[in-house]
Amino acid sequence: MAMLEIHGIHKSFGDAHILNGVDLKVNKGDVVAILGPSGSGKTTLLRCINYLETADQGTMRFGDEQYDLSNTDHKLIAQFRRHTGFVFQNYNLFINKTALENVTLGLITAGKIPKKQAEQIGMELLEKVGMKDRASYYPSQLSGGQQQRVAIARALAGNPEIIFFDEPTSALDPELIGEVLGVMKKLAEEGMTMIVVTHEMGFARNVSNHVIFMEHGVIVEEGDAHTFFENPKNERTREFLRMEER
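From a predicted model like this one, the values you see are computed outputs, not experimental measurements.

How each quantity is defined
Residues numbered from 1 in each chain as written. Predicted model: local features only at pLDDT ≥ 70, side-chain atom pairs only at ≥ 80, totals over all residues. Heavy atoms only, no water. Phe/Tyr/Trp six-rings, centres within 6.5 Å; stacked < 30°, edge-to-face > 60°. Helix = DSSP H or I, 4+ residues; strand = E, 2+ residues; numbered from the N terminus. Buried < 20%, exposed > 50% of the residue type's maximum accessible area, 1.4 Å probe, protein only. Axes fitted to C-alpha atoms, helices over the stretch in contact; angles between N-to-C directions. Parallel < 35°, antiparallel > 145°, perpendicular 65-115°, else oblique. Left-handed = near helix turned anticlockwise from the far one by under 90°. Contact = heavy atoms within 4.5 Å. Nonpolar A, V, L, I, M, F, W, Y, C, P; charged D, E, K, R; others polar. 1 Å grid on protein atoms, 1.4 Å probe; cavity = no way out; pocket = protein on both sides within 12 Å on 5 of 7 lines; lining within 4 Å. Points joined across faces, edges and corners; volume = space filled by probe spheres on them. Salt bridge = Lys/Arg side-chain N within 4 Å of Asp/Glu carboxyl O. Core = buried A, V, L, I, M, F, W, Y, C linked by side-chain atoms within 4.5 Å.

What to know about the packing of aromatic side chains
Within the structure shown, the criterion is met by seven aromatic pairs. Aromatic side chains F86 and F88 sit 4.6 Å apart centroid to centroid with 40° between the ring planes, which places their arrangement in the tilted category. A ring pair is formed by F213 and F240, whose centres lie 4.8 Å apart and whose planes are at 35°; its orientation type is tilted. Highlighted residues: F213 in strand β9 (residues 210-215) and F240 in helix α9 (residues 235-245), separated in sequence by 27 residues. You can call F213 buried: its relative accessible area is 0%. According to the relative accessible area criterion, F240 is buried, its value standing at 4%. Taken together, the ring pairs connect Y51, F62, Y67 and F80 into an aromatic cluster.

The following block contains the structure:
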């Protein structure tokens, strides 16, 4: 049985139909890469799944629980989010808190974990993403890649079953992209379930095991990574891949 199943997500902003009935199935340990041109609905899909946006309609099953994606029941949302992590494009770190404090804040306030224990967990996670030596630094003292690695440590702090990544390298200078992708590759090798909206074709080809191509709010094509890149069936998919490889 799939860990996560989405059925029939629709989302509009005014007259603009962003999602037009998307279905998605994710198994435990999957690394799902979602590709597509700007405006195809990729980020909106992630945000609807994690209730950062409220879908117009759609249902979700996660584990044994059923969720209505158009219903903002705060208790159910909190229950779902306890099992998930979210990594944003622009890090979303608290600028007035150190790297360690950014990681431990949720553990202390929401998890009710004693500060000393939370700090021990936080240091272990910062070490995992190669940022232990920057624990006392504030975001303004860190590069974009370093901030994003702190954000990944923060997402890991709640011991999530699945992490959503929304174009985690798009705000980074080219030379910093590799350090973030390296951390994500390591998580994939450890069996972390991930849904990754990305423009990084190398990551999608070599790290993900399932690739989805979206356009105009629908899934145009999906399949295992090898088949998707080596033998895409849809002409629009082939055109997109040719453009990305230039």
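Past the structure itself, the notes keep going.
Some thoughts on the packing of helix α3 (residues 99-109) against helix α4 (residues 115-128)
Axis separation between α3 and α4 bottoms out at 9 Å; the angle between their running directions is 130°. Here α4 runs oblique to α3, going by the angle between their axes. The chirality of how α3 crosses α4 is right-handed. Only K115, A118, E119, I121, G122, M123, L125 and L126 of α4 make contact with α3, whose side of the interface consists of A99, L100, V103, T104, L107 and I108. Split into classes, the residues belonging to the contact of α3 with α4 amount to ten nonpolar, two polar and two charged.

Quick word on the packing of helix α5 (residues 144-157) against helix α6 (residues 174-189)
Relative orientation of the contacting elements α5 and α6 amounts to 20°, with a least axis distance of 8 Å. Of the possible angle classes, the one that applies to α5 and α6 is roughly parallel. Our pair here, α5 against α6, has a crossing hand that is right-handed. Between α5 and α6, the residues in contact are G144, G145, Q146, Q148, R149, I152 and L156 and L176, E179, V180, V183, M184 and L187, respectively.

Quick look at the layout of surface pockets
If you add up the space inside the largest pocket, you get close to 840 Å³. At the level of elements, α2 (74-81), β6 (84-87), α3 and α5 are the ones that each hand at least two residues to the lining of the largest pocket. Ranked by residue count, the leading element in the lining of the largest pocket is α3, at five residues. Of the residues in the lining of the largest pocket, the class split is twelve nonpolar, eight polar and three charged.

Section: the pattern of salt bridges
This model, assessed by the stated rule, comprises eleven salt bridges. Between E190 and K128 there is a salt bridge, with its nearest N and O atoms 2.7 Å apart. With a gap of 62 residues between them, E190 in the loop between α6 and β8 (193-197) and K128 in helix α4 connect regions that are remote in the sequence. Residue E190 is classed as partly exposed on the basis of its relative accessible area, which comes to 46%. By relative accessible area, which is 28% here, K128 ends up partly exposed. We note a salt bridge from R149 to E179, for which the minimum N-O separation is 3.1 Å. With R149 in helix α5 and E179 in helix α6, this residue pair connects regions lying 30 residues apart in the sequence.

Some details on the nonpolar core
Core analysis: the largest hydrophobic core is formed by 38 residues, its most contacted members being L126, V150, I152, F165, M184 and M194. Looking at this core, the elements with two or more residues in it are α3, α4, α5, β7 (162-166), α6 and β8. The residues touching V150, leaving out its near neighbours within four places in the chain, are L93, A99, N102, V103, L126, M131 and L142. With 30 residues, the next largest nonpolar core counts A55, F62, Y67 and L69 among its residues.

Geometry only, nothing functional implied.
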